[in-house]
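What the coordinates show
Chain by chain, the residues:
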Amino acid sequence: MPGTILVTGGTGYIGAHTVVKLLDAGFPVVVLDNLCNSSRTVIDRIQKITGKPLCFVEGDVRDRHLLQNTLQRHSVSAVIHFAGLKAVAESEAEPLTYYDNNVSGSLILFEEMARAGIHTAVFSSSATVYGESGSAKYGEKYCEDRPLAPVSVYGKTKLMVENILRDLKKAQPQWRIALLRYFNPAGAHHSGLIGEDPSGVPNNLMPFVAQVAVGKRESLSVFGNDYPTPDGTGLRDYIHVEDLASGHLAALNVLNQKSSLITLNLGTGRPVSVLEMIAAFEKASGRKIPWQTAPRRAGDIAACFADPTRAQEILGWKATLDIDRMCQDAWRWQRNHPEGYC
Ligand SMILES: NC(=O)c1ccc[n+]([C@@H]2O[C@H](COP(=O)([O-])OP(=O)(O)OC[C@H]3O[C@@H](n4cnc5c(N)ncnc54)[C@H](O)[C@@H]3O)[C@@H](O)[C@H]2O)c1
């Protein structure tokens, strides 16, 4: 019987899909989430999808006593740490909130893990850690060894936590750590029961397009049509959230086999332009997506996509679902839940 996995932020978008994979794979799971950006309903939905019971602890990763209790009571053997704030613009406006939640929250979690003798951690990092330093030449994939220079406060919090974990591994080699740098998670569970439920105006392209398709928003602004890309719009690496979730399971399995620190891109390596995404969503939804061009946004780059080779080699994992499938699943979720979980 495998040990219990604590999933912080497990009612959030990526966390929920990962919990489904863990339960399906037979891991006992306990979710800890303060619900600041998610809904309790997610727990029922996960139980419905998997047909398995799921323990939920409502609370904050900065609450030491709650952590101590949870780690002990559930005999936790490893932690997947998703809990954090992720809105780039908000992080610029509220840096202290972001450093406190994302960095202090992680520190407290790792301290309590160490105190409880738990040394296996999978951390949600992000392609934002690459920032603009040594910007890739157009068409160049991002490999894990390129320079790290995040621009936003959000990206800096991710790099800080990566550094904390690297230092920890150096000092205490018994730690087993995976730093997973996600590219652009998209799509929803194929059941249509769980998906991305952004509060307010979506920061990411696919949920925005989905809200236009369902009639919640009038039209989409395409920022920049003069990039040096085939159709002039920005290229990104969208990865199906179910593929991303499987990547976590693969990382956990590798860490269970050998004590190591792995830093991996989780992406497809296949760039998709904004116009390609719109076309794929129109095909999936059968609806026209009104859009207009707008000036480039400061900080946006022409292309950002992963070199996923290392993840394939180390995890034996590869993203398999394409942009059409991401749009079909996102549309099923959006059509069934025009107002999200509420
Ligand atoms: N979605 C993306 O585009 C993306 C890309 C790269 C990295 N990430 C990272 O992946 C992780 C998960 O992202 P997501 O898209 O699922 O976000 P999300 O907001 O849907 O999920 C995060 C969850 O963490 C919870 N949470 C936040 N602070 C908490 C705290 N202090 N204590 C307990 N729970 C807390 C929220 O309520 C939410 O349920 C985040 O760390 C995010 O920074 C996301």
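The structure reproduced in this document is the subject of the present report.

The rules we used
Residues numbered from 1 in each chain as written. Predicted model: local features only at pLDDT ≥ 70, side-chain atom pairs only at ≥ 80, totals over all residues. Helix = DSSP H or I, 4+ residues; strand = E, 2+ residues; numbered from the N terminus. Rg over C-alpha atoms; globule rule 2.2 N^0.38 Å. Buried ≥ 20, exposed ≤ 12 C-beta atoms within 10 Å, placed from the backbone. Contact = placed C-beta atoms within 7 Å. Near = placed C-beta within 6 Å. Core = buried A, V, L, I, M, F, W, Y, C linked by C-beta atoms within 7 Å. Pairing = 2+ DSSP bridges. Axes fitted to C-alpha atoms, helices over the stretch in contact; angles between N-to-C directions. Parallel < 35°, antiparallel > 145°, perpendicular 65-115°, else oblique. Left-handed = near helix turned anticlockwise from the far one by under 90°. Nonpolar A, V, L, I, M, F, W, Y, C, P; charged D, E, K, R; others polar. Expected span 1.5 Å × (residues − 1). Bend = angle between axes of the 7 residues up to and from the residue.

**A closer look at the overall build of the chain**
- The helix and strand tally for the chain stands at eleven helices and 14 strands.
- The C-alpha atoms of the chain give 19 Å as radius of gyration, which agrees with the globular expectation for 342 residues (20 Å, within 12%).
- On the principal axes, the C-alpha backbone points of the chain span a range of 55 × 45 × 40 Å.
- Expressed as a percentage of its 342 residues, the buried residues of the chain come to 50%.
- Long-range contacts, defined here as pairs at least 24 residues apart, represent 80% of the contacts in the chain between residues at least 6 apart.

**Regarding the site of the ligand**
- For the ligand, the set of nearby residues contains 28 residues, the closest of which are Gly9, Gly12, Ser38, Gly84 and Ser126.
- For the shell around the ligand, the secondary-structure elements that each account for two or more residues are helix 1 (13–24), helix 5 (95–115) and strand 5 (120–126).
- For the shell around the ligand, the element with the most residues is helix 1, which contributes three residues.

**Brief notes about the nonpolar core**
- Counting 99 residues, the largest nonpolar core has Val19, Val29, Val209 and Met277 as its most contacted members.
- Counting residues per element, this core draws most heavily on helix 8 (residues 241–257), at eight residues.

**Focus on unusual backbone geometry**
- At Leu35, a residue that is not glycine, the phi angle is positive and equals roughly 60°.
- Locating Leu35 in the fold gives a position in the loop between strand 2 (29–33) and helix 2 (41–50).
- Positioned with a positive phi, Ser75 is a non-glycine residue whose angle comes to about 45°.
- Mapped onto the elements of the fold, Ser75 is located in the loop between helix 3 (64–73) and strand 4 (76–81).
- For Ser75, a count of 12 C-beta atoms within 10 Å translates into the label exposed.

**Topic: the sheet that holds strand 9 (residues 235–236)**
- Sheet architecture is open: three strands sit in the order 12-9-14, paired in mixed fashion. The strands lining the two open edges of the sheet, one partner per strand, are strand 12 (272–273) and strand 14 (303–304).
- Direction of pairing for strand 9 relative to strand 14: parallel, over a ladder of two bridges. Bridge pairing links Leu235 to Ala303 in strand 14.

**Points about the packing of helix 7 (residues 205–213) against helix 9 (residues 274–285)**
- Relative to each other, helix 7 and helix 9 sit at 40°, their axes nearing to 11 Å. Overall, the two elements helix 7 and helix 9 adopt an arrangement that is oblique. You can see that helix 7 and helix 9 cross each other, and the crossing is right-handed. Residues Leu205, Met206, Val209 and Ala213 of helix 7 touch helix 9, and the partners they reach there are Val274, Met277, Ile278, Phe281 and Ser285.
- Taken together, the residues that form the contact of helix 7 with helix 9 break down as eight nonpolar, one polar and no charged.

**A word on helix 5**
- End to end, helix 5 covers 29 Å across 21 residues, agreeing with the expected 30 Å (1.5 Å per residue, within 8%).
- Of all the bends in helix 5, the greatest measures close to 25° and is centred on Ser104.
- Looking at helix 5, one finds that the buried residues are Tyr98, Asn101, Asn102, Gly105, Ser106, Leu109, Phe110, Glu112 and Met113.
- Elements that come into contact with the buried residues of helix 5 comprise strand 1 (4–8), helix 3, strand 4, helix 4 (88–93), strand 5 and helix 6 (153–171).
- Just beyond helix 5, the residue with positive phi is Gly117, at close to 75°.

**Quick word on the environment of Arg297**
- Residue position: Arg297 is located in the loop between strand 13 (291–294) and strand 14.
- For Arg297, a count of 10 C-beta atoms within 10 Å puts it in the exposed group.
- Measuring from C-alpha to C-alpha, the distance between Arg297 and Glu196 comes to 24 Å, with 101 residues separating the pair along the chain.

**Side note on the packing of helix 7 against helix 11 (residues 323–336)**
- Orientation of helix 7 relative to helix 11, taken along the N-to-C sense of each, is 55°, at an axis distance of 10 Å. Looking at the two axes, helix 7 sits oblique to helix 11. For helix 7 against helix 11, the interelement crossing comes out right-handed. Contacts between helix 7 and helix 11 pair Met206, Ala210 and Ala213 from the former with Met326, Ala330, Trp331 and Gln334 from the latter.
- Class assignment for the residues of the contact of helix 7 with helix 11 results in six nonpolar, one polar and no charged.

**Brief notes about the sheet that holds strand 1**
- A sheet is described by the order of its strands in space; here seven strands give the open sequence 3-2-1-4-5-6-11, paired in parallel fashion. Every other strand in the sheet has two partners, leaving strand 3 (55–58) and strand 11 (261–266) as the edge strands with one partner each. Neighbouring strand axes in the sheet, compared pairwise and without regard to direction, differ in orientation by 15° on average.
- Contacts from helix 5 reach strand 1, strand 4 and strand 5 within the one sheet, and its direction differs from that of strand 4 by about 170°.

**Considerations on the environment of His337**
- Looking at where His337 falls in the secondary structure, it is placed in the segment after helix 11.
- By C-beta crowding, His337 is classed as partly exposed, having 17 other C-beta atoms within 10 Å.
- Taking the C-alpha atoms as reference points, His337 and Ala213, 124 residues apart in sequence, are found 12 Å from one another.

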